[in-house]
Amino acid sequence: EPEVTQTPSHQVTQMGQEVILRCVPISNHLYFYWYRQILGQKVEFLVSFYNNEISEKSEIFDDQFSVERPDGSNFTLKIRSTKLEDSAMYFCASSEGIGSGYEQYFGPGTRLTVT
Amino acid sequence: QKEVEQNSGPLSVPEGAIASLNCTYSDRVSQSFFWYRQYSGKSPELIMSIYSNGDKEDGRFTAQLNKASQYVSLLIRDSQPSDSATYLCAVRGPGTGFQKLVFGTGTRLLVSP
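Participant: How should the overall build of chain B be read in this particular structure?
Facilitator: Helices and strands together make up the secondary structure of chain B, namely zero helices and eleven strands. Reading the helices (α) and strands (β) of chain B from amino to carboxyl end gives β-β-β-β-β-β-β-β-β-β-β. The C-alpha radius of gyration of chain B comes to 13 Å, within 12% of the 13 Å expected for a compact globule of 113 residues. When the backbone C-alpha atoms are referred to their principal axes, chain B occupies close to 40 × 30 × 20 Å. The 113 residues of chain B split such that 47% are buried. Sequence separation of at least 24 residues holds for 55% of the intrachain contacts in chain B that already meet a minimum separation of 6. Total accessible area on chain B stands at roughly 5,100 Å², and carbon and sulfur atoms take up 47% of it. Side-chain charges of chain B comprise 11 positive and 10 negative groups, with the mean position of each set lying 6 Å from the other.

Participant: Just checking my understanding: could you explain the overall build of chain A for this structure?
Facilitator: Assigned secondary structure in chain A consists of zero helices and eleven strands. Sequence-ordered secondary structure for chain A, helices as α and strands as β, is β-β-β-β-β-β-β-β-β-β-β. What you see for chain A is a C-alpha radius of gyration of 13 Å, in line with the 13 Å of a compact globule of 115 residues. C-alpha atoms of chain A, sized along the principal axes, occupy 40 × 30 × 25 Å. Within chain A, the proportion of its 115 residues that are buried is 46%. Put simply, of all contacts in chain A between residues at least 6 apart along the chain, 55% involve residues at least 24 apart. Counting only carbon and sulfur atoms, one obtains 45% of the accessible surface of chain A, whose full area is about 5,800 Å².

Participant: In this structure, what is going on with the sheet that holds strand β1 (residues 5-7) of chain A? I would like to understand it.
Facilitator: Sheets are built from strands that pair by backbone hydrogen bonding, the pairs being arranged parallel or antiparallel. Residue and element names in this part refer to chain A. With respect to topology, four strands assemble into an open sheet ordered β1-β3-β8-β7, the strand pairing being antiparallel. Looking at strand neighbours, the two that pair on one side only are β1 and β7 (65-68), the edges of this open sheet. Across the sheet, the mean angle separating the axes of adjacent strands is 20° when strand polarity is ignored. Both β7 and strand β8 (residues 75-79) contribute to a ladder of four bridges, which runs antiparallel. Of the residues in β8, the one forming a bridge with Ser66 is Lys78.

Participant: Even after reading the chapter, I still don't get the interface of chain A and chain B, so can you show me in this structure?
Facilitator: Interface size is often expressed as the accessible area that is lost when the parts come together. Opposite the 24 residues of chain A that make contact, chain B presents 22 residues. Together chain A and chain B conceal approximately 1,800 Å² of surface at their shared face, both sides included; 52% is due to carbon and sulfur atoms. At the surface where chain A touches chain B, the tally comes to zero salt bridges. For the side of chain A that touches chain B, the secondary-structure elements that each account for two or more residues are β4 (31-37), β5 (44-50), β6 (53-57), β9 (88-95) and β10 (105-106) of chain A. Partitioning the side of chain A that touches chain B into residue classes produces twelve nonpolar, eight polar and four charged.

The rules behind each value
Residues numbered from 1 in each chain as written. Chains lettered and ligands numbered in written order. Predicted model: local features only at pLDDT ≥ 70, side-chain atom pairs only at ≥ 80, totals over all residues. Heavy atoms only, no water. Helix = DSSP H or I, 4+ residues; strand = E, 2+ residues; numbered from the N terminus. Rg over C-alpha atoms; globule rule 2.2 N^0.38 Å. Buried < 20%, exposed > 50% of the residue type's maximum accessible area, 1.4 Å probe, protein only. Contact = heavy atoms within 4.5 Å. Areas by Shrake-Rupley, 256 points an atom, 1.4 Å probe, with all protein chains shown as cover. Lys, Arg positive; Asp, Glu negative; His and termini not counted. Charge placed at Lys NZ, Arg CZ, Asp CG, Glu CD. Pairing = 2+ DSSP bridges. Axes fitted to C-alpha atoms, helices over the stretch in contact; angles between N-to-C directions. Buried area = accessible area lost by both parts, 1.4 Å probe. Salt bridge = Lys/Arg side-chain N within 4 Å of Asp/Glu carboxyl O. Nonpolar A, V, L, I, M, F, W, Y, C, P; charged D, E, K, R; others polar.

Any link to function would need more than the numbers given here.
Printed below as a string of structure tokens:
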């Protein structure tokens, strides 16, 4: 069964450093998403991406964040200058479409630890 | 008012019993509703989706939607210890944005052998 994959599974970085989290969405899916979950808190939407453009973003997704589809399979989230509060699980998700009948499938996540 | 509300639990049920998980949402124009299961330290795993009023059954799981009451529930029949996890209710657009899922904080379910 096709699944979303993410690398790395765990990333440790120092405050102020740039990190890139990588995702390979399900191959026939057209919509891609990033969510994050701070330990003990709920899953929060960051951004959605379609046709090489951001289609929706939350207030969390400020200028420190960017997304890119550098090739036909990868989808990346970049955090330019990490802060302690960026420590969280970051989940990539994908869906075939939007609206009723289309469901989002999540990858295993990347645990980001900022020290 | 929180957009998606769930009782955090834990909800404890014995093996073989029915577990009933509930969720309310604030945006009356929400159209799509989902239940995800999340084991500790893992990612959300889609269990059920429901888009219209009524019941939807899939194996041991039944999702129920009442848009007039802005209420979604998940019933798990013949609960197993392996069902012990946090169950996340998620709601999607148009009021929340057609694409993003808005999650509740989740209900922790404990199934005892």
